[in-house]
Structure formats: C-alpha cells, structure tokens
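Close look at the chain arrangement
What follows is each chain in one-letter form.
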Amino acid sequence: MAHILSLAAGTLPEFLPDQIARAAGQSGFGHVGFTIEPEQWTPEQAKATKAALRQYNLSVLDVEVVWIPEGGVLTDDHRLIIDAGAELGAPNVLVVSAEPDPDQTASALHQLCEWAAPADMRVSLEFLMITAVRSLGDALDIVKRCDHPAAAVLIDSLHFQRAGHSAADLKAVDRNLLTYSQICDGNLQCADDYDSYLDDAVDLRSAPGEGELPLVDILSALPSTIPLSLEVRSKAYRDNYPDPVERAKEVRTAAMDYFDRHNITIAQKSHI
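The following paragraphs examine the structure supplied in this document. All figures in this text were calculated on a predicted structure; none of them were measured in a lab.

**A short note on the sheet that holds strand E5 (residues 122-126)**
Taken in spatial order, the eight strands close into a barrel running E1-E2-E3-E4-E5-E6-E7-E8, and their pairing is parallel. Strand-to-strand twist across the sheet, computed as the mean angle between neighbouring axes with direction ignored, equals 30°. Pairing between strand E3 (residues 59-68) and strand E4 (residues 92-97): five bridges, direction parallel. The residue bridging aspartate 62 from the neighbouring strand is asparagine 92, located in E4.

What follows is the structure, encoded as structure tokens:
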C-alpha cells in the first residue's frame, strides 16, 4: 500500500499556480496543490496553469484556502476558489474558520459542501491554533453539525502537534473523514501565543526528518494510502533555495529519504 506525495502550495508561497505546477513537474512530483487568490486567478493564469499540468502529466490534489470569516457569511470570492478547484480537477478544497460559533461555521461549511459536491470535491476543515477551530475535537464537532457527505477534516502534522494531540487521537476518527493530510517536520514545542504560532506555521517548518515531530507515529495512525501533501513552509528553505524548482527538489529529496528510512511507501507518478 502506498501514499501519493503532492507538492503543497505552501512550500512555494511566493509563486503563482502555473509556476508551482512547473516546479512540481520538474522536481519529480506527480501531484500538486495550489493557493487560489481570487484577484490573481485570471483566465490567463488558469490557462497557463492547466497547460503546465498537461505538460508534466500532473494531478491536482487540493486548492486552498477558503477562510470562513467572522459572521460566517460567504462571498463570490469563496465560491471562486471552489470553482477553480473544480476547473482544475482537484478532489479537495482546504477550509479554515475565523468564526468562533460552531453552528455558524458548520452552516458556512455546509454551503461550501453544496458548492463543491457537484464536482465530487471534498471540503476539508483544518484546525490550527491561529483560527477559531483549534483542535481535532473542534473540527470533528463542526463536521458533525455540518451533516454533509462532502465534509472532511484535514490533519496537518504541525498543527496536530500544536493542538496537543497524539497519534492515538486519530484511531477513533472515521476513515472516510480523512481524505488527505498535510505533512512537514518542525520544532517539538512552540510558545503559546498567536505570534509564535503564526511564525511557526509560515516560517519554521522543515522537511520530514529535519525536526522533532513524531511523524512516524502520526503517519502510522492515518489511513495507509492517504494522500500526503508536503507543506514545508520555511523561511530557511525560501532563503537558501529561491528558485522554485530547486526548492521543490530539495524538500522532495529530504522527504523521500525520510520515507525510505522508515519503510513508508510512496507511489511514483501515480494519479488519483
């Protein structure tokens, strides 16, 4: 049984989707994810991105990120991200929430699921310490309230650790709710304040094997073939590898070395 490995948009946050697609293809990935910025997702950018996907025979794993705002009111920009994912054939869209009321978040999540379902997309709610949904339990509760078959939960290895979870917490989670996972390494601990959590998430990640997170335990508790999105959002990698292809190659090489050492099988150029 094997995982597919996707290049997450967060590894190359300063580049446009077509540039990320080319970097993924040239560095050996078979899958890729994109951040869709509504003001940048022009017809020209969509055409260039689809051309790069065809050139390198890439599949899209996910698009991100839909921020449910305080108040839970969705706009055309939120819908655009889902529509872009459908246009690209992405099976997943990533969602986070700034709305503290779980019922309002669940209502907004249900609407996103209604928009995504015709394209067979799953809507994965991510929990992290800089949003209103801060734990796996919070996310599962909202998905239950949402009551839509397209709703899912996203496990990010860094945020999973910051929420104080252990691999055992994943054992009882319905496998159908785990459609893909974001992985990286990082520091074992983080100061308990917003700025530290933000810095940790956007600048201090590392490739698998370069940090202290219990990745093997987390991966062992996830479904055996769950797709993995390699999100190494790292200032060190951005500074040391400003070229997108070189950065993608470096994080992929580090990750594959880690997987090989721990007998974690990655499918080569397979497509979902």
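**Points about the packing of aromatic side chains**
Evaluated as defined, the whole model comprises two aromatic pairs. When the centroid spacing of 6.1 Å and the interplanar angle of 70° are considered together, the rings of tyrosine 258 and phenylalanine 259 count as edge-to-face. The ring of phenylalanine 29 carries arginine 252 above its face, with NZ or CZ at 5.8 Å from the centroid.

**A few points about the nonpolar core**
Counting residues in hydrophobic clusters, the biggest one holds 83 residues, and the most contacted among them are Phe34, Leu109, Leu112, Ile155 and Phe259. Leave out the neighbours within four places in its chain, and leucine 112 touches Val66, Ile68, Leu74, Ile82, Val95 and Val123. The next biggest cluster of nonpolar side chains, apart from the first, holds 10 residues, and it includes Ile4, Leu94, Val96 and Leu128.

**Some remarks on the side chain of aspartate 156**
Within the fold, aspartate 156 resides in strand E6 (residues 151-156). Owing to a relative accessible area of 1%, aspartate 156 belongs among the buried residues under this scheme. Excluding residues that lie within four positions of it along the chain, aspartate 156 makes contacts with Glu126, Gln182, Arg205 and Glu231.

So, how was this worked out
Residues numbered from 1 in each chain as written. Predicted model: local features only at pLDDT ≥ 70, side-chain atom pairs only at ≥ 80, totals over all residues. Heavy atoms only, no water. Pairing = 2+ DSSP bridges. Helix = DSSP H or I, 4+ residues; strand = E, 2+ residues; numbered from the N terminus. Axes fitted to C-alpha atoms, helices over the stretch in contact; angles between N-to-C directions. Phe/Tyr/Trp six-rings, centres within 6.5 Å; stacked < 30°, edge-to-face > 60°. Lys NZ or Arg CZ within 6 Å of the ring centre and 35° of its normal. Core = buried A, V, L, I, M, F, W, Y, C linked by side-chain atoms within 4.5 Å. Buried < 20%, exposed > 50% of the residue type's maximum accessible area, 1.4 Å probe, protein only. Contact = heavy atoms within 4.5 Å.

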